Structure formats: C-alpha cells, structure tokens
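Structure at a glance
One-letter residues, chain by chain:
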Amino acid sequence: MHGLINRSIQCFLRDTYGADTWLRVAGEARLAFDGFEAMLTYDDALTEEVLVAASLVLARPREAILEDIGTYLVSHPPLQSLRRLLRFGGVGFVDFLHSLDDLQGRGLLAVPDLELPQLVLRDHTPSCFTLVCRSPHKGFGHVMLGVLRAMADDYGALVLLDHQGANGDCETIQIDVLEAQFAEGRRFELATEAGA
C-alpha cells in the first residue's frame, strides 16, 4: 500500500483522537517504527493490521473508521488541496458525481504510483445514482462514502447515501440526491490567495 494512504490513516487517528491514541494503535499493530513515510510503499498486510488495531483501540467498526477517514480527507483544514481538487469536478454536487469516473486518472497524474480505486457512476434517474468502487483493497467504498458525505455538505446538497455491500472487488454505493441546493455550500473560488 502506498505510504500516502498509510500516512493519511495515521494523521486521521492522530488529529482526531490524539497522538497517544496513534501510539496505542501503532503498538497494537506492532509497528517497528513511529510513523509512515508518505512516499514509501508498505506491505498491504501492514495497513490491514493498523486498521484492525484502530478498530480495537477505538472500539469502533472498521467500516466506520474508514468512512470517517474519507470525511477527514475532505473536511480537515490542512487538507484543503484535496477538497479543491474535488471541487474542480463541477459547480454542483451532481456535476461532481459525474467527474468521479476521472478521479483515478487525476490521482495518477499527481502521484504516479498511487493505487486509487476505479470509480464508475451509473445514472438511474436525474437524482438517483450508484457508484461502483472497484479495488483489490477492501474498504475503499467506505472511504468514498465518507468523501461523498463531506462533499455533499460542501456543495450544500441534501443526499442519502447507502453502502450496499461488496461483490468480489466491487463495492456499491447508492446515491439519492433529494435536494441539490438544500443549504448554502462552503465558499469555493477557482483562484487561491497568494500563500494559501
């Protein structure tokens, strides 16, 4: 697993639950080091051990932790660059959904050896969709569920999301857009201020 993903898990645990919790998780996972390096590659089993340890230490299901990680990646202030990248997908939440098919390719442009899931959006009606998340790594669908929740809030959309389970290497998320302009979304401008 790419170190960027492992480092994101570490930062989520540290920023959300504190440095002591991260150290407890690292100890429970029997890591031989204090933290992950973002640009290294680690054995997939090590990532799974950290997630299992986090589930034990936090007494929370693995799926809930993964969803929280997805929300964290979009909503945590120091990670605004990822939010900005996602917001370039469109002016509204439905536009954003249609941009998800290209997310894997955009991620590879930024980090060529980063393994992101393949995302396929299926339209059923103008407000009802399914997102198929294909990855050899179990749980990316739950991360995407968190990303979608955070982005719906970011756009001010009222959305129902339901993780419908996995079939092989595919996880499916049901997306019902109840109201595209339910609330005022977060401010977003194409240009950033100097130094931002």
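Residues numbered from 1 in each chain as written. Predicted model: local features only at pLDDT ≥ 70, side-chain atom pairs only at ≥ 80, totals over all residues. Heavy atoms only, no water.

**Re a negative patch on the surface**
A grouping of Asp43, Asp44, Glu49 and Glu115 is seen on the molecular surface, where their side chains present a negatively charged patch. You can see Glu49 is positioned in helix α3 (residues 44–58). (Patch = residues over 30% accessible without salt bridge, like charges linked within 9 Å, V, L, I, M, F, W, Y side chains within 5 Å. Areas by Shrake-Rupley, 256 points an atom, 1.4 Å probe, with all protein chains shown as cover. Salt bridge = Lys/Arg side-chain N within 4 Å of Asp/Glu carboxyl O. Lys, Arg positive; Asp, Glu negative; His and termini not counted. Charge placed at Lys NZ, Arg CZ, Asp CG, Glu CD. Helix = DSSP H or I, 4+ residues; strand = E, 2+ residues; numbered from the N terminus.)

**Remarks on the sheet that holds strand β2 (residues 128–134)**
With antiparallel pairing, four strands are arranged side by side in an open sheet as β1-β2-β4-β3. Two strands in the sheet have a free side with no partner beyond their single neighbour: β1 (118–125) and β3 (158–167). The mean angle between the axes of side-by-side strands here comes to 20°, regardless of whether they run parallel or antiparallel. Here β1 pairs with β2 via seven bridges, running antiparallel. Within β2, the position partnered with Leu121 by the bridge is Leu131. (Pairing = 2+ DSSP bridges. Axes fitted to C-alpha atoms, helices over the stretch in contact; angles between N-to-C directions.)

**Brief notes about the nonpolar core**
Grouped burial of nonpolar side chains is what soluble globular proteins tend to show. Phe93, Phe96, Leu97, Leu100, Leu131, Leu148 and Ile175 are the most contacted members of the largest nonpolar core, which has 53 residues in total. In contact with Leu97, not counting residues within four places along its chain, are Leu121, Phe129, Leu148, Ile175 and Val177. (Core = buried A, V, L, I, M, F, W, Y, C linked by side-chain atoms within 4.5 Å. Buried < 20%, exposed > 50% of the residue type's maximum accessible area, 1.4 Å probe, protein only. Contact = heavy atoms within 4.5 Å.)

**Considerations on the packing of helix α5 (residues 80–87) against helix α8 (residues 140–155)**
In contact at an axis separation of 12 Å, α5 and α8 are set at 75° when each is read in the N-to-C sense. In terms of axis orientation, α5 runs roughly perpendicular to α8. Residues Arg83, Leu86 and Arg87 of α5 touch α8, and the partners they reach there are Val147, Met151, Asp154 and Tyr155. In terms of residue class, the contact of α5 with α8 is built from four nonpolar, no polar and three charged. (Parallel < 35°, antiparallel > 145°, perpendicular 65-115°, else oblique. Nonpolar A, V, L, I, M, F, W, Y, C, P; charged D, E, K, R; others polar.)

**As for unusual backbone geometry**
Excluding glycine, residues mostly have negative phi values, and the peptide bonds linking residues are mostly trans. Even without a glycine there, the phi angle at Arg30 is positive, about 60°. Within the secondary structure, Arg30 is located in the loop between α2 (19–28) and α3. Looking at Arg30, the relative accessible area reads 74%, which means it is exposed. Here the phi dihedral of Ala59 falls at roughly 55°; this positive angle occurs in a residue that is not glycine.

**Looking at the pairing of β2**
Burial of β2 is extensive: six of the seven residues sit out of reach of the surface. Linking two consecutive strands that pair antiparallel, namely β1 and β2, is a turn of two residues. Strand direction decides the pairing type here: β2 and strand β4 (residues 170–179), joined by seven bridges, are antiparallel. Among the inter-strand pairings, Val132 is bridged to a residue of β4, identified as Thr172.

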